[in-house]
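Chain residues, written in single-letter form:
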Amino acid sequence: MADVLSVGVNLEAFAQAISAIQALRSSVSRVFDCLKDGMRNKETLEGREKAFIAHFQDNLHSVNRDLNELERLSNLVGKPSENHPLHNSGLLSLDPVQDKTPLYSQLLQAYKWSNKLQYHAGLASGLLNQQSLKRSANQMGVSAKRRPKAQPTTLVLPPQYVDDVISRIDRMFPEMSIHLSRPNGTSAMLLVTLGKVLKVIVVMRSLFIDRTIVKGYNENVYTEDGKLDIWSKSNYQVFQKVTDHATTALLHYQLPQMPDVVVRSFMVGRSLSFVLEETNLRVHEHIQQRLSCSSAEAPKYSGLKNVDPSRGRLGGSVGEASDFGSGHDLAVRGFEPHVGLCADSLAPASDSVSPSLSAPPPLTLCLPLSQK
Amino acid sequence: MGVTCVSQMPVAEGKSVQQTVELLTRKLEMLGAEKQGTFCVDCETYHTAASTLGSQGQAGKLMYVMHNSEYPLSCFALFENGPCLIADTNFDVLMVKLKGFFQSAKASKIETRGTRYQYCDFLVKVGTVTMGPSARGISVEVEYGPCVVASDCWNLLLEFLQSFLGSHTPGAPAVFGNRHDAVYGPADTMAQYMELFNKIRKQQQVPVAGIR
């Protein structure tokens, strides 16, 4: 804020103008006080009138003086720079056809809404954590020791923190490699490569995952300019389905206070053999049903608890409902990659507040990667 | 390029090559595959010229120069168990210049032509193998796009092959056994085609229906 304003604004004059306003206000209130008090007691009527008029005039003069002072200072303050107040998005406000395409105002509203939502979610989870519905009291004590400090809850996180979290996750699995880049501003874009099976592009907003796209290992993830292509879908239907599931997974994990736990759980769910088996299972069903699986088989996220550890594969078919105990229905239909989708489903998460908002123990769900 | 399996479909009893191909394509269409044009894979054989052979009298090696319509700008040159070279189409012109070292074997051109079908992420190509004017057999190629490691998706490919080839489903190709976790490439597909063509060349001519 300061760097934008100081281009044209004299901060000294600004401060002085504010105090001039206060002086003006007090002199105006003195005028009204004088009127309210009326004439003071003197010997003659003339004396009283004269004293009153003199007093009144003094007050009016001081008002005049203060007003002139304020006008002088306001001329010195100057206008704040109006060049690109919000960088590129500010250019949208110059649209002449504002009523037909109110993009800018909608953009601002969406931004304010998501910030408020973030704030409320933080408050709600704080309140809920106080009333824990867990059976064993021991867990709270242990996890309180493990969590060294409160995680930052705001959307604005230093990029270094995000880098650290990502590099920590990168070292978790040997077959998974994460490459972080920031081509569009401060939001990170990860290119996760899982062995020789697939590549995932994860678009993040500070530490929250916004969208994912899953593509095959041999598919091109870059556009013609060499930038990461975050919009085009995979050419293969298998990976389109996996993208749907990944999107469901990222909508499933909602933890306003511990976003890095969320990211870690998401990555655990993408472990190699898990994905392979899931992929093959999906294709198997494809063949069985001959393309009849469309919107009728909306992906529901079977929680990781369903995984059979002896075989490392999903112990359930596509239609099994989530048993993670979340309070919202995740049968999202018709995925198209746009931000609105994420925003839509964040709303129920804050409405149907359930005890499951408290942290699940994701680290205990690490799958045995060596098994297939 | 996904993992590909090339196999031969034996001609049905009492039917001609043409009719068997038709049967197969009808099965595919009933399965729900979409026709997507034609394909062609051809192969020419060259052997090393006598003048380049050493005094030990070693047998000349055979070199196969192949083209695949799936990669229209490429030309594949491979030895029997040796390396495979992937070059651009100017390689054919180069072979003319190398007449001194490599001589074309007589009547060696063998090719397979047919239709290309797309079914979900599978690409199926059913073609008639011809040598000169005569049809010698049927080639079936199935490619599973999303996967590039052979060992991961062989079971899936097998299942798919069984669904329309039935009892004529082949075993795992030799190229799969060699490299377990290596990325599958077009050179492996061409090696499979080369083996298929060699097998068909050794077979007897397919008898015309009704005459033995």
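Note that the structure is a prediction, hence the values are computed from the model and not measured.

1. Some details on the overall build of chain A
Here comes step 1: When helices and strands are counted, chain A shows ten helices and six strands.
Here comes step 2: Among the 372 residues that make up chain A, the fraction classed as buried is 36%.
Here comes step 3: Pairs at least 24 residues apart make up 60% of the contacts formed inside chain A by residues separated by at least 6 positions.
Here comes step 4: For chain A, the exposed surface amounts to about 22,200 Å²; the carbon and sulfur share of it is 56%.

2. Here we look at the overall build of chain B
Here comes step 1: The helix and strand tally for chain B stands at five helices and nine strands.
Here comes step 2: Reading chain B from its N terminus to its C terminus gives the helix and strand order β-α-β-β-β-β-α-β-β-β-β-α-α-α.
Here comes step 3: In chain B, which comprises 212 residues, the proportion classed as buried is 49%.
Here comes step 4: Here the analysis covers contacts within chain B between residues at least 6 apart in sequence; of these, 61% occur between residues at least 24 apart.
Here comes step 5: Carbon and sulfur atoms make up 54% of the accessible area of chain B, which totals about 10,500 Å².

3. Overview of the pattern of salt bridges
Pairing is possible between side chains of opposite charge, provided their charged atoms come close.
Here comes step 1: Taken as a whole and assessed by the stated rule, the structure comprises eight salt bridges over all chains.
Here comes step 2: For Glu69 of chain A, the salt bridge goes to Arg72 of chain A, with nearest N and O atoms at 2.9 Å. Here Arg72 of chain A and Glu69 of chain A lie together in helix α3 (residues 45–77), a separation of three residues that amounts to about one turn.
Here comes step 3: The salt bridge partner of Glu70 of chain B is Arg116 of chain B, with a shortest N-O separation of 2.9 Å. Placement of the pair is Glu70 of chain B in the loop between β3 (62–68) and β4 (74–79) and Arg116 of chain B in strand β7 (residues 110–119), with a sequence separation of 46 residues.

4. Things to note about the packing of helix α2 (residues 11–37) of chain A against α3 of chain A
All names here are of chain A.
Here comes step 1: Interhelical geometry of α2 versus α3 gives an angle of 160° and a closest axis separation of 9 Å. Between α2 and α3, the angle is such that the two are roughly antiparallel. Crossing angle aside, the handedness with which α2 passes α3 is left-handed.
Here comes step 2: Here the residues of the contact of α2 with α3 are counted per class, giving 20 nonpolar, five polar and three charged.

5. A short note on the environment of Tyr193 of chain B
All names here are of chain B.
Here comes step 1: Positionally, Tyr193 belongs in helix α5 (residues 186–202).
Here comes step 2: For the pair Tyr193 and Glu111, spaced 82 residues apart in sequence, the C-alpha separation works out to 9.8 Å.
Here comes step 3: Aside from chain neighbours lying at most four places away, what touches Tyr193 is Val6, Phe39, Val41, Met66, Thr112, Ser139 and Glu141.

6. Structural notes on the packing of aromatic side chains
Aromatic rings considered in pairs are described by the distance between their centres and by the relative angle of their planes.
Here comes step 1: A complete count under the given rule lists eight aromatic pairs over all chains for this structure.
Here comes step 2: A centroid spacing of 6.0 Å and a plane angle of 70° characterise the contact between Tyr71 of chain B and Phe76 of chain B, whose relative ring orientation is edge-to-face.
Here comes step 3: Ring centres 5.0 Å apart and planes at 35° place the aromatic pair Phe122 of chain B and Tyr144 of chain B in the tilted group. Here Tyr144 of chain B lies in strand β9 (residues 134–144) and Phe122 of chain B lies in strand β8 (residues 122–131), a separation of 22 residues in the sequence. Accessibility assignment for this pair places Phe122 of chain B and Tyr144 of chain B in one class, buried.
Here comes step 4: Linked through ring pairs, Tyr119, Phe122, Tyr144, Phe160 and Phe164 of chain B together constitute an aromatic cluster.
Here comes step 5: Lying across the ring of Tyr217 of chain A, Lys199 of chain A places its NZ or CZ 5.6 Å from the centre.

7. Quick notes on the nonpolar core
Residues and elements named next belong to chain B.
Here comes step 1: Counting 78 residues, the largest nonpolar core has Met66, Val142 and Phe164 as the members making the most contacts within it.
Here comes step 2: It is helix α3 (residues 150–165) that provides the largest number of residues to this core, a total of nine residues.
Here comes step 3: Contact partners of Met66, with chain neighbours within four places excluded, come to Val41, Asp42, Cys43, Cys75, Phe76, Leu78, Met190, Tyr193, Met194 and Phe197.

8. Observations regarding the packing of helix α1 (residues 17–31) of chain B against α3 of chain B
All names here are of chain B.
Here comes step 1: In contact at an axis separation of 9 Å, α1 and α3 are set at 115° when each is read in the N-to-C sense. On α3, the residues that touch Leu24, Lys27, Leu28 and Leu31 of α1 are Phe160, Ser163, Phe164 and Leu165.
Here comes step 2: Partitioned by chemical class, the residues of the contact of α1 with α3 number six nonpolar, one polar and one charged.

9. Describing the pairing of β7 of chain B
All names here are of chain B.
Here comes step 1: With eight of ten residues buried, β7 is to be regarded as a mostly interior element.
Here comes step 2: Pairing between strand β2 (residues 34–48) and β7: eight bridges, direction antiparallel. Each residue of the ladder has a partner; that of Val41, found in β7, is Thr112.
Here comes step 3: Judged from the ten bridges that link them, β7 and β8 form a sheet pairing that is antiparallel. Across the sheet, residue Thr115 finds its bridge partner in β8, namely Val126.
Here comes step 4: Taken together, β7 and the strand that follows it, β8, pair antiparallel across an intervening segment of two residues, in which Cys120 is found at a positive phi of about 50°.

10. Remarks on the sheet that holds strand β3 (residues 198–205) of chain A
All names here are of chain A.
Here comes step 1: Across the sheet, four strands lie side by side as β1-β2-β3-β4; this open sheet has antiparallel pairing. Both edges of this open sheet fall to β1 (176–181) and β4 (208–216), since each of them pairs with a single strand only. Neighbour to neighbour, the strand axes of the sheet diverge by 20° on average, direction disregarded.
Here comes step 2: Sheet analysis places strand β2 (residues 189–194) next to β3, joined by six bridges and oriented antiparallel.

11. What to know about the confidence of the model for chain A
Here comes step 1: In the predicted model, chain A carries a mean pLDDT of 67, and 53% of its residues have values of at least 70.
Here comes step 2: In the model, residues 1–6 of chain A has pLDDT below 50 throughout and makes two contacts with residues more than four positions away in sequence or in other chains.

12. Quick word on α3 of chain B
Here comes step 1: Maximal helix bending in α3 of chain B amounts to about 25°, located at Leu156 of chain B.
Here comes step 2: Turning to α3 of chain B, its buried residues are Ala150, Asp152, Cys153, Trp154, Leu156, Leu157, Phe160, Leu161, Phe164 and Leu165 of chain B.

13. Thoughts on the confidence of the model for chain B
Residues and elements named next belong to chain B.
Here comes step 1: Taken residue by residue, chain B gives an average pLDDT of 84. The fraction at 70 or more is 90%.
Here comes step 2: The weakest mean pLDDT in chain B belongs to helix α4 (residues 174–178) at 76; the strongest belongs to β7 at 92.
Here comes step 3: Note on residues 207–212: pLDDT under 50 across the span, and two contacts to partners over four residues away in sequence or across chains.
Here comes step 4: At the level of chain-chain contacts, confidence expressed as ipTM amounts to 0.78, with global pTM at 0.61.

Parameters and conventions
Residues numbered from 1 in each chain as written. Chains lettered and ligands numbered in written order. Predicted model: local features only at pLDDT ≥ 70, side-chain atom pairs only at ≥ 80, totals over all residues. Heavy atoms only, no water. Helix = DSSP H or I, 4+ residues; strand = E, 2+ residues; numbered from the N terminus. Buried < 20%, exposed > 50% of the residue type's maximum accessible area, 1.4 Å probe, protein only. Contact = heavy atoms within 4.5 Å. Areas by Shrake-Rupley, 256 points an atom, 1.4 Å probe, with all protein chains shown as cover. Salt bridge = Lys/Arg side-chain N within 4 Å of Asp/Glu carboxyl O. Axes fitted to C-alpha atoms, helices over the stretch in contact; angles between N-to-C directions. Parallel < 35°, antiparallel > 145°, perpendicular 65-115°, else oblique. Left-handed = near helix turned anticlockwise from the far one by under 90°. Nonpolar A, V, L, I, M, F, W, Y, C, P; charged D, E, K, R; others polar. Phe/Tyr/Trp six-rings, centres within 6.5 Å; stacked < 30°, edge-to-face > 60°. Lys NZ or Arg CZ within 6 Å of the ring centre and 35° of its normal. Core = buried A, V, L, I, M, F, W, Y, C linked by side-chain atoms within 4.5 Å. Pairing = 2+ DSSP bridges. pLDDT = per-residue confidence, 0-100. Bend = angle between axes of the 7 residues up to and from the residue.

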